[in-house]
Amino acid sequence: QVQLVESGGGLVQAGGSLRLSCAASPSTFSINSFGWYRQAPGKQRELVASISASGSRNYADSVKGRFTLSRENAKNTVYLQMNSLKPEDTAVYYCNARRWRPTVPEDYWGQGTQVTSPQ
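Bear in mind that the values here come from a model prediction, so they are computed numbers and not experimental data.

Draft legend 1. Broad picture of unusual backbone geometry. Each neighbour pair has its own omega, and for Ser-25 with Pro-26 the value is 5°, a cis peptide bond. Within the secondary structure layout, Pro-26 lies in the loop between strand E3 (18–25) and strand E4 (33–39). We note that Asn-76 has phi near 50°; this positive angle belongs to a residue other than glycine. Among the secondary structure elements, Asn-76 is positioned in the loop between strand E7 (67–72) and strand E8 (77–82). We note that Ser-84 has phi near 50°; this positive angle belongs to a residue other than glycine.

Shown next, in the form of structure tokens:
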């Protein structure tokens, strides 16, 4: 079992910045990838950014150039730095850890953290 605890959400004016953190326990051993997803009211959950075990990163087109995902292995923590926030970034953000077993994905989710960027 992997537990994920997110922090760092909040209310910030459009154009501002926030940094989300996701701490994994007991360890990130055997985790193949981490991702940040978000879900706005009335919309489906969507992938915002992901990082593989090798460090390869992917970003949704809507956040490229504004959001940066990083990983601190010593702390079993991944971060999502969000700059130039827009009202459309308002959503609950969820951290995800995925482990392949070996062809079936095993997903773990955090509790979610609210990000609000009003106009």
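Let's pick the thread back up.
Draft legend 2. Region of interest: the nonpolar core. Counting 27 residues, the largest nonpolar core has Leu-4, Trp-36, Leu-80, Met-82 and Tyr-93 as its most contacted members. For this core, the secondary-structure elements that each account for two or more residues are E3, E4, strand E5 (46–52), E7, E8 and strand E9 (91–100). When neighbours within four sequence positions are excluded, Leu-4 is seen to be in contact with Cys-22, Ala-23, Ala-24, Phe-34, Cys-95, Asn-96, Ala-97, Tyr-108, Trp-109, Gly-110 and Gln-111.

Draft legend 3. Spotlight on the pattern of salt bridges. Overall, the coordinates contain eight salt bridges when judged by the stated rule. Where Arg-38 meets Glu-46, a salt bridge forms, and the shortest distance between an N and an O atom there is 2.7 Å. The partly exposed category is assigned to Glu-46, whose relative accessible area is 35%. In this structure, Arg-38 and Asp-89 form a salt bridge, with 2.9 Å as the shortest nitrogen-oxygen distance. With Arg-38 in strand E4 and Asp-89 in the loop between E8 and E9, the pair connects residues that are 51 residues apart, well separated along the chain. Since its relative accessible area comes to 6%, Arg-38 is described here as buried. Owing to a relative accessible area of 0%, Asp-89 belongs among the buried residues under this scheme. A single salt-bridge network, built from bridges that share partners, covers Arg-38, Glu-46, Arg-66 and Asp-89.

Reading the values: the criteria
- Residues numbered from 1 in each chain as written.
- Predicted model: local features only at pLDDT ≥ 70, side-chain atom pairs only at ≥ 80, totals over all residues.
- Heavy atoms only, no water.
- Helix = DSSP H or I, 4+ residues; strand = E, 2+ residues; numbered from the N terminus.
- Core = buried A, V, L, I, M, F, W, Y, C linked by side-chain atoms within 4.5 Å.
- Buried < 20%, exposed > 50% of the residue type's maximum accessible area, 1.4 Å probe, protein only.
- Contact = heavy atoms within 4.5 Å.
- Salt bridge = Lys/Arg side-chain N within 4 Å of Asp/Glu carboxyl O.

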